[in-house]
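# Results of the structural survey
Spelled out, the chains give:
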Amino acid sequence: MVNQIESPTRAKLDGPDKKTALITGITGQDGSYLAEFLLEQGYTVHGIIRRSSSFNTSRIDHIFSKITLHYGDMIDSSNLSSVIYRVRPNEIYNLAAQSHVKVSFEMPEYTGESTGLGTMRILEAIRTCGLEKHTRFYQASSSELFGKVMEVPQTETTPFYPRSPYGVAKLYAYWAVKNYRESYDMFACNGILFNHESPRRGGTFVTKKITAGVARIVCGNLETLELGNLDAQRDWGHAKDYVRAMWAMLQTEEADDFVIATGVMHSVRSFATLCFQMAGFDIEWSGTGEDEIGVDQKTGKVLVRVSPKFFRPCEVEELLGDPSKAKKHLSWTPTCSLKELAYDMMYYDFSVYGLELPESAKTFLDNPAFQVTCAQELAARERTKTGVAINVRGV
Ligand code: NAP
Ligand code: F7E
C-alpha cells in the first residue's frame, strides 16, 4: 500500500458510469500521461509502482493525491493477482516493461520475465479473479515487433521480425493477448505503438538524449554529444497523442489490434540537426560511420561525435507505420508534428537548465497556435521542489 485510499477489501464501482482503471508502469512516460488523461475522463485511477530506494514518482507527483498506488512488480504474480482482485478494474493498461532495447541485450532474461511473461501474469490474474468479462485489457505492444521490416510502411498485417530480446519479449506478450482473446473471449487489445516521445521521455532514449544534450551544451556543462547509429530512422510521435489511442482501443465494440504512428519517418541525424538549429547552431556533418562528426559551422566546434558504445548487436534500421486502421476505426489522428515535438522537448529541457529557447525557434513550428504541453509540468516541478507532493506519500 502506498498512499491513503487503498484498503484490503474489494473496491466497489461508485456508479454505473464511474470507471476504474489500473495502470501498470504508471511512473513511466506513457503511464503518467495516461493517468492524467483518464482522470480528465472522470476515471478512478489506480497504478502499480515498484519499490525503489529513491523516489521514482517525479512524473506523477503533480497528480499524486488524485490516484491510488499499489506496490507491485511484473515478476510477482501473487502480488499482481492480489492488486487486481482488490481493485476490480474495468480497464487495465499494461504499460510496465523493461522498455530499453539496448539494455535488453544486457538483461535478456529479466526483459523476458518483465516484458514478456509479465503480460501473461496479468492476463492469468484477470482470469483467476473471474474478471474476464468485466475487465478490458490494453497491451503496450511495440513497432519493435517489426524489427527487420518485411514491408514499408508497416501495418497490422505486416509479418514480425524482432531484432532484440526486447522485441522477442514483446512478441510473446503480443501473442499471449491474441490467444487469451480467442481462448476466453476476453476484451484484450494490442496497441502496436511506434516511437513516441515527450518532455517526460527517459534520458537514455535518443530524442531526449539529444534535446537534453543540446541544452547542456548551451549552458556549458557538456562539450560534445556522443550518439550511436545516426542513420537509424524512426516514426516519432508525441506520447500525449498516443495515450488517447490506448484509451480509444478499449472503448470500441470489439477487441482488436491497432498500429499507432504518424506515417512520417526521420533519421537520428536529422532530428539532431533540427534540435541544434532550434538552439541557433548550424551543423555540418562530415565523415562516415564511427568517424562521422557534426561541427558548428560558426565556431568549428565538434558538437556531435559517434561512439560505438551506443551501437546495438543487432539494429532496427527503419520503422514507418501506417495508422490508417486507427484513423478509420478509432477516429484517431496525431496532432503534433516532429518539429512541434522537438520544440516541446527543447522548451522543457532548456527550462530545466534555466535557459530560454531563442525566439527564432518558433519559426520551426508548423502550427503558429502550437502550445507547449510541458508548461503544466514545469509548474508542478516548482511545487514539488517546495515539498508539496513529497508530503502526501503514505510510507
Ligand atoms: P518507460 O518510461 O520506460 O516506463 C516503463 C514503466 O514500467 C515504468 O513505470 C517502470 O517503473 C515500469 N516497470 C519496469 N519494469 C517493471 C517491473 N518489473 N515491474 C513493474 N513495473 C515495471 O516506458 P514508456 O515509454 O512509458 O512505455 C510504456 C510501455 O509502452 C512500455 O511497455 C514500452 O515497452 C511500450 N512502448 C513504448 C514505446 C515508446 O516509444 N515510448 C513504443 C512502443 C511501446 P520505474 O519508473 O520504477 O522504472
Ligand atoms: O533508439 C538509435 C538507436 O533508444 C532509437 C523504446 O521506447 O521505441 C523505443 O525503442 C534509434 C535506434 O528507441 C543513440 O540505435 C543512435 O535505432 O530512442 P531509442 P528504440 O530503440 O527505437 C520502441 C518503439 C519501443 O518499443 C521501446 O520501448 O536511435 N540511436 N544513437 C541511439 N539510441 C539511443 N538510445 N542512444 C543513442 O545514443
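Computed from a prediction, not measured in an experiment: that's the story for all the values here.

## Comments concerning the sheet that holds strand β14 (residues 293-296)
- Across the sheet, four strands lie side by side as β8-β15-β14-β13; this open sheet has mixed pairing. Two strands in the sheet have a free side with no partner beyond their single neighbour: β8 (225-227) and β13 (283-286). Direction aside, neighbouring strands of the sheet carry axes that sit 20° apart on average.
- As paired strands, β14 and strand β15 (residues 302-306) are joined by three bridges and run antiparallel to one another.

## Observations regarding the site of ligand 2
- Of all residues adjacent to ligand 2, which total 22 residues, the nearest are Val-101, Ser-142, Phe-205, Gly-228 and Ala-232.
- If you list the elements that add at least two residues to the shell around ligand 2, you get α3 (101-106) and α6 (206-218).
- Looking at side-chain class alone, the shell around ligand 2 contains nine nonpolar, seven polar and six charged residues.

## Concerning the nonpolar core
- One finds Ile-23, Met-246 and Ile-260 to be the most contacted residues of the largest nonpolar core, which totals 71 residues.
- Beyond its immediate chain neighbours, meaning those up to four positions away, Ile-23 contacts Gly-31, Leu-34, Ala-35, Val-45, Gly-47, Tyr-93 and Leu-95.
- Ile-210, Phe-271, Val-306 and Leu-341 belong to the second largest nonpolar core, which has 34 residues in total.

## Re helix α10 (residues 338-352)
- With 15 residues, α10 should cover 21 Å at 1.5 Å per step; its first-to-last C-alpha distance of 21 Å lies within 8% of that length.
- The buried fraction of α10 is high, at eleven of 15 residues.
- The complete set of buried residues in α10 reads Leu-338, Leu-341, Ala-342, Tyr-343, Asp-344, Met-345, Met-346, Tyr-347, Tyr-348, Asp-349 and Phe-350.

## So, the site of ligand 1
- With respect to spatial proximity, 26 residues lie near ligand 1, and among them Gly-25, Gly-28, Ala-96, Ala-97 and Ala-140 are the closest.
- Elements supplying a minimum of two residues to the shell around ligand 1: α1 (29-40) and β5 (136-142).
- Ranked by residues supplied to the shell around ligand 1, first place goes to α1 with three residues.

## Brief notes about the confidence of the model for the chain
- Across the chain, pLDDT averages 93, with 92% of residues at or above 70.
- Predicted confidence is poor over residues 1-13, with pLDDT under 50, and the contacts of this stretch with residues over four places away or in other chains come to 28 contacts.
- With pLDDT under 50 throughout, residues 387-395 is counted as low confidence; its partners more than four residues away or in other chains account for 15 contacts.

## Comments concerning α1
- Between the first and last C-alpha of α1 there are 17 Å, a value that for twelve residues agrees with the 16 Å anticipated at 1.5 Å per step.
- Across the twelve residues of α1, nine count as buried, placing the element largely inside the fold.
- Where α1 is buried, its residues contact β1 (20-24), β2 (44-49), β4 (91-94) and α7 (239-249).
- Just beyond α1, the residue with positive phi is Gly-42, at close to 90°.

## Some words on the sheet that holds β2
- Here seven strands make up an open sheet; going across it, the order is β3-β2-β1-β4-β5-β6-β11 and the pairing parallel. A single partner strand is all that each edge strand has here, and the edge strands are β3 (68-71) and β11 (258-260). Across the sheet, the axes of successive neighbouring strands diverge by a mean angle of 20°, strand direction being ignored.
- In this structure, strand β6 (residues 188-193) lies alongside β11, joined through three bridges in parallel fashion. Considered in β11, the bridge of Gly-191 is made with Phe-258.
- The sheet contacts of α1 involve β1, β2 and β4, and relative to β2 the element is tilted by about 165°.

About the criteria used
- Counting restarts for each chain: residues are numbered from 1 in the order of the written sequence.
- Throughout, the order in which chains and ligands are written sets their labels, letters from A for the former and numbers from 1 for the latter.
- Thresholds applied to this predicted model are a pLDDT of at least 70 for local features of residues and 80 or more for the giving and counting of side-chain atom pairs; totals over whole chains, interfaces and linings are not thresholded and use all residues.
- Two strands pair if DSSP finds at least two bridges between them.
- A run of H or I in DSSP becomes a helix once it reaches four residues, and a run of E becomes a strand once it reaches two; helices and strands are each numbered from the N terminus.
- Helix axes use the C-alpha atoms of the stretch in contact, all axes being lines fitted to C-alpha atoms, and the angles between their N-to-C directions lie in the range 0 to 180 degrees.
- Each residue gets a C-beta atom placed from its backbone. Should that atom fall within 6 Å of a molecule or strand, the residue is termed near it.
- Under the grouping applied here, Gly and all other residues not named as nonpolar or charged are polar, the nonpolar ones being Ala, Val, Leu, Ile, Met, Phe, Trp, Tyr, Cys and Pro and the charged ones Asp, Glu, Lys and Arg.
- One nonpolar core equals one set of buried Ala, Val, Leu, Ile, Met, Phe, Trp, Tyr and Cys residues connected by C-beta atoms within 7 Å.
- Each residue is classed by its C-beta neighbour count within 10 Å, where at least 20 other C-beta atoms makes it buried, 12 or fewer makes it exposed, and intermediate counts make it partly exposed; the C-beta atoms are placed from backbone geometry.
- Here the contact rule is simple: place C-beta atoms from the backbone, and any two residues whose C-beta atoms are within 7 Å are in contact.
- Each helix should span, by expectation, one fewer than its residue count multiplied by 1.5 Å.
- As a per-residue measure, pLDDT tells how confident the predictor is, with possible values from 0 to 100.

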